[in-house]
Structure formats: C-alpha cells, structure tokens
Amino acid sequence: LAEIDFARLKEVLVAKLEELFGRHGRGIAYQETHKNGCALALVSLLAALIDYGFFHTFDPRLQEQCVNFDEIRLIAPALLDVVDCRYDELEAGGQEDADARFEVSEQTEVVVERSKLILQMFNVFLDCELNGATNAMVRFW
C-alpha cells in the first residue's frame, strides 16, 4: 500500500469546500441535495481527521496532544464560509424560497447536519485551547 499523504488530503478537502462555498463562490441552494450531500461528506471527513488527531501536535511543555492552531487557522475560514448562509444561492422562489430554507425538511436536514458538525469542530478547538490555558495556569500556581 502506498503511504497516504494526509497533509495533501487536508489541502484537497479545504480546497473543495472553498470551491463550493468560498467567499467568491455563490454558496449552495438548499435544494441542491447532491451538492449539499457532497459538502456534508467533506465536512464529515474533516471532522473525523480532527477526532483522530490529524490536526493535533504534541506539546512537550504540557506533555500532551494539543490542537495545532496553525493548521486550524488554515481550515477555519473555509468552515466558517460553509456555516455562513448569507450568501447561499436561492432558487427563483423569491422570499417564499428564502423562508423555506429555514424550515425543517428533507432538503434542509443535510444542511443542518453539516452545520452541527462544524460547530462541534469549533467546540473541540475551544475546549483544547481552554484546556491548555487551564494547565498553564495550574502549573504557574
């Protein structure tokens, strides 16, 4: 088996998210279930990489694995663009369509699941940062 280049995998995942949702992209209409499913798969893979420590590094000062915030800074803008629905493409339905994207439906379920995963990722980042700050404070005292 060839060795997997996880750094390249991370780059590709972020590039695909930026392609779908980037600041200069149009976002995705909630009705585009195939694109929303693809975006959910990309976000799920990023979440799995984070859960399994691929965005972590060993901190010798703390003697534990910590989130590598240099890498997080590279993926955070793309994740925030995915969650930001201000630029989502709306179909030709006007205001009625704009309101429908916030209703519970089969089409919006994927969008909500994707957003929940991203918010859980940011929760992990914040927990790790808080843990590091708490450990530093305890060592100081």
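Bear in mind the structure is a predicted one, so any value in this text is a computation, not a measurement.

Definitions and limits used
- Residues numbered from 1 in each chain as written.
- Predicted model: local features only at pLDDT ≥ 70, side-chain atom pairs only at ≥ 80, totals over all residues.
- Heavy atoms only, no water.
- Helix = DSSP H or I, 4+ residues; strand = E, 2+ residues; numbered from the N terminus.
- Contact = heavy atoms within 4.5 Å.
- Areas by Shrake-Rupley, 256 points an atom, 1.4 Å probe, with all protein chains shown as cover.
- Expected span 1.5 Å × (residues − 1).
- Buried < 20%, exposed > 50% of the residue type's maximum accessible area, 1.4 Å probe, protein only.
- Arc of directions from axis to C-beta.
- Phe/Tyr/Trp six-rings, centres within 6.5 Å; stacked < 30°, edge-to-face > 60°.
- Lys NZ or Arg CZ within 6 Å of the ring centre and 35° of its normal.
- Pairing = 2+ DSSP bridges.
- Salt bridge = Lys/Arg side-chain N within 4 Å of Asp/Glu carboxyl O.

A. Region of interest: the overall build of the protein. Across its full length, the protein holds five helices and two strands. The order of helices and strands in the protein, counted from the N terminus, is α-α-β-β-α-α-α. At a minimum sequence separation of 6, the contacts of the protein that also span at least 24 residues come to 68%. Taken as a whole, the protein presents about 9200 Å² of accessible surface, with 58% of it coming from carbon and sulfur.

B. Representation of the environment of Val-43 within the structure. One can find Val-43 in helix α2 (residues 33-51). Each C-alpha atom of the pair Val-43 and Leu-13 lies 8.1 Å from the other, and the pair is 30 residues apart in sequence. Those residues within four positions of Val-43 in sequence are excluded, and the remaining contacts are Leu-17, Arg-114, Leu-117, Ile-118 and Met-121.

C. Seen up close, helix α1 (residues 6-21). Its 16 residues give α1 an end-to-end C-alpha distance of 22 Å, which sits within 8% of 22 Å, the value for a rise of 1.5 Å per residue. Among the residues of α1, Lys-10, Leu-13, Val-14, Leu-17, Leu-20 and Phe-21 are the ones counted as buried. Buried residues of α1, viewed axially, fall in a sector of 125 degrees; they line one side.

D. How the structure looks around the packing of aromatic side chains. Counting across every chain of the model gives two aromatic pairs. A centroid spacing of 4.3 Å and a plane angle of 35 degrees characterise the contact between Phe-6 and Phe-54, whose relative ring orientation is tilted. Of this pair, Phe-6 sits in helix α1 while Phe-54 is found in the loop between α2 and β1 (56-59), placing the two residues 48 residues apart along the sequence. The class of Phe-6 is partly exposed, set by a relative accessible area of 28%. Of the residues examined, Phe-54 reaches a relative accessible area of 30% and is grouped as partly exposed. Relative to Phe-125, the ring of Phe-122 lies with its centre 5.4 Å away and its plane at 80 degrees, an arrangement referred to as edge-to-face. Here Phe-122 and its partner Phe-125 are both found in helix α5 (residues 106-140), three residues apart, which amounts to about one turn of the helix. Lying over the aromatic face of Phe-55, Lys-10 brings its terminal NZ or CZ to 4.5 Å of the ring centre.

E. Structural detail: the pairing of β1. For β1 and strand β2 (residues 64-67), the ladder comprises four bridges, and the chain directions are antiparallel. When the sheet's bridge partners are listed, Phe-58 is paired in β2 with Gln-65. Connecting the antiparallel pair β1 and β2 is a turn made up of four residues, with Gln-63 showing a positive phi of about 60 degrees.

F. How the structure looks around the pattern of salt bridges. With the rule as written, the count across this model stands at five salt bridges. In this structure, Arg-8 engages Glu-11 in a salt bridge whose closest nitrogen and oxygen atoms are separated by 3.2 Å. Taken together, the residues span about one helical turn, with Arg-8 and Glu-11 both in helix α1 at a distance of three residues. We note a salt bridge from Lys-10 to Glu-71, for which the minimum N-O separation is 2.7 Å. Here the residue Lys-10 occupies a position in helix α1, and Glu-71 occupies one in helix α3 (residues 69-83), the gap between them amounting to 61 residues.

Purely geometric numbers; function is a separate question.
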